Amino acid sequence: MIDELTKGPIQAVAKKSMASGKRVNRKNHSKFIQALSLIVFLILWQFFSAINAHFIWFNPQFFPSPMIVLHTTWDYLLDGTLIQAIGASVIRVLLGFAFGSLVGVLLGIMMSQSRLSNDLISPVLNMLGPIPVFAFLPIFMIWFGISELSKVMLIAYATFLPVLTYTMDGIKNVNPTWIRSAMTLGATRYQIFTRVILRAALPNVFVGMRISLALAFGALIVAEMMGSSEGLGFIIVNARNWFKLDDMFMSCMLIGLLYTLFNYILLFLESVLFRWKKDGIQSAVER
Amino acid sequence: MPFVNVRNLFKSYGDAGKYVLNDVSFEINENEFVCVLGHSGCGKSTLLNLLAGFIKPDKGEISVNGQFVSKPSSQRGVVFQDHGLFPWYNILDNVAFGPKALKNKDAYRISKRLIKMVDLEGYEKVFPSSLSGGMAQRVGIARALATNPQLLLMDEPLGALDAMTREKMRIEILRIWKETKKTILFITHSIAEAVYLADRVIVLKEGSVCLDEKIEIERPRSVHAPQFMDYTKKFEKVLFEHDELVLD
Ligand SMILES: Nc1ncnc2c1ncn2[C@@H]1O[C@H](COP(=O)(O)OP(=O)(O)O)[C@@H](O)[C@H]1O
Ligand SMILES: [Mg+2]
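As recorded in an unreviewed UniProt entry, chain B goes by ABC transporter ATP-binding protein and comes from Sporolactobacillus shoreicorticis.

Looking up chain A in an unreviewed UniProt entry gives the name ABC transporter permease, with the organism given as Sporolactobacillus shoreicorticis. UniProt, in its Subcellular location (unreviewed entry) section for chain A, records the words "Cell membrane". The UniProt entry for chain A carries this comment under Sequence similarities (unreviewed entry): "Belongs to the binding-protein-dependent transport system permease family."

In structure tokens form, the structure reads like this:
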């Protein structure tokens, strides 16, 4: 009896730490499988292009192996064009994405605060919204020239609409009890807006930004393919003329890597900014 | 002049002729602990929201300390059932929200003292998402007290807590009331809670005050005392008057 009493809490603690240990294990396990999936993918790719190179079912040049792509990447890296291309693309997407997000947030705030501006702007956005961004590229090129500006503006345009929608949504869905609390605590309208409404809506703004990121990359590549002399998109169109499929594969892989990197940066910012959030269903039920 | 004076209050929510509050009048004296007791849906929250100034009455008026209530004010602190803490602020910043908004230079000193008073010292840097229901509610009380309001309005603050925590929180709230000497209007649908806590219980039924009764039992009160039972029965009788099932 005494034994059980004294053991009780210790066992409980032990169980608890075991549970969290299990969670870490599961996380590592999942990471391992994900890495494995990528490795298997690359091996299969290498394998099939090698078989094709042997039997020549079709021109092996059209299906380069990962090793060849890696080799091409190395060559590009050595002669400096790769850094230049990545630099050009990164600067474009950063500028366009930042500008588009800023406009989206500001317009979202404005439209959620004034009915008049909402009534004025939202019909236009509802009309423009469904039109694919790429349809506007020629128009942007005539308006802003075949310069950097037209590309950055297209990326910004692709970015701003989801950010705006999610910002407005976040502001609209602020828990009214928070606003009431702030009112009884003597906050002014301005304080309520900055310390409660915006703070509460910020996670939603980031959701909008992560959705926009994919669109921004789409706009970047299309803009670079249409009228550009550098960048990852340019490498693809340029390679088309010479059937350099290894260049194309390299560019596609790098675009994917860049997007993943940017997405991780956003996720990291979120995890720092929204530390106060519960970590969702993961911590709600243990599985 | 009573500290809180509610006169001939009428309130409806749009649907014509149907009053959620129908000619409600009562008074509360300074330092008094008053419970408003009633079934769910009888208009308790509506009454509290009117007192807080969140909504406006159709007719009638409310004054607190000689001033008419027209909008929310830091003179009337509110504790909500779902605590309403700001999840993006830690406990200290939640409690300091009021004094900081009012540009009080002592915001953090006041807040730390209140956090200590509600027995949460050491939790200053913790975020609300990792607090238990009872702890969150204590932070809610500290936050409401931080602007030093004259009147504390509490809308079923213990409603979402488990039975054990409720018991503890009742004692805690009485202690805080004695320490701070605030006037408290406390809303509940639990008869036992009302009889345990209140100097006076106002029973609200279908939007009208149907009983306004002083509880004359010495504190600390025991649920098992015969006097306690007498009050409980009395309120049960009023609340379940027209119902089929009257236990007794
Ligand atoms: N904002 C509102 N709009 C319309 N009806 C409401 C609103 N708030 C409350 N009511 C109605 O008023 C009545 C009283 O509600 P409430 O004051 O919340 O009761 P209690 O807090 O006693 O449970 C209920 O019938 C409820 O449906
Ligand atoms: Mg209620």
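This is not the end of the story, as more comes after the structure.
Where do I start with the domain arrangement of chain A in this structure?
The extent of an interface is frequently quoted as the accessible surface area lost upon association of the parts. All names here are of chain A. Entries for chain A in the domain assignment read domain 1 (1–63) and domain 2 (66–284). A straight line from the C-alpha centre of domain 1 to that of domain 2 covers 31 Å. Between domain 1 and domain 2 lies a buried interface of about 730 Å² when both sides are counted; carbon and sulfur atoms form 71% of it. Run the count over domain 1 and domain 2 and you get 0 salt bridges.

Looking at this structure, how should I read the packing of helix α9 (residues 232–241) of chain A against helix α10 (residues 245–273) of chain A?
Helix-helix packing: each pair is described by the crossing angle between the helix axes and the interaxial distance. All names here are of chain A. α10 packs onto α9 with a crossing angle of 165° between their chain directions and a minimal axis gap of 8 Å. Viewed along their axes, α9 and α10 adopt a mutual orientation that is roughly antiparallel. As for how α9 packs across α10, the hand of that crossing is left-handed. Touching L232, I235, I236, A239 and R240 of α9 are D247, M248, M250, S251, C252, L254, I255 and L258, all from α10. Among the residues making up the contact of α9 with α10, the classes are represented as 10 nonpolar, 1 polar and 2 charged.

Is there a simple way to explain the site of ligand 1 in this structure?
All names here are of chain B. Lining the immediate surroundings of ligand 1 are Y13, V20, H39, S40, G41, C42, G43, K44, S45 and T46. The separation between an oxygen atom of ligand 1 and a polar main-chain atom of G43 is 3.1 Å. The separation between an oxygen atom of ligand 1 and a polar main-chain atom of K44 is 2.8 Å. Isolated, ligand 1 exposes 560 Å² of accessible area, and the fraction of that covered by the protein chains is 53%. When its residues are assigned to classes, the shell around ligand 1 shows 3 nonpolar, 6 polar and 1 charged.

Thresholds, definitions, all that
- Residues numbered from 1 in each chain as written.
- Chains lettered and ligands numbered in written order.
- Predicted model: local features only at pLDDT ≥ 70, side-chain atom pairs only at ≥ 80, totals over all residues.
- Heavy atoms only, no water.
- UniProt positions renumbered as here; feature names shortened; annotations may be inferred.
- Domains from an automatic or database assignment.
- Buried area = accessible area lost by both parts, 1.4 Å probe.
- Salt bridge = Lys/Arg side-chain N within 4 Å of Asp/Glu carboxyl O.
- Axes fitted to C-alpha atoms, helices over the stretch in contact; angles between N-to-C directions.
- Helix = DSSP H or I, 4+ residues; strand = E, 2+ residues; numbered from the N terminus.
- Parallel < 35°, antiparallel > 145°, perpendicular 65-115°, else oblique.
- Left-handed = near helix turned anticlockwise from the far one by under 90°.
- Contact = heavy atoms within 4.5 Å.
- Nonpolar A, V, L, I, M, F, W, Y, C, P; charged D, E, K, R; others polar.
- Near = heavy atom within 4 Å.
- Polar contact = N/O pair within 3.5 Å; in protein donor to acceptor, adjacent residues only side chain to side chain.
- Areas by Shrake-Rupley, 256 points an atom, 1.4 Å probe, with all protein chains shown as cover.

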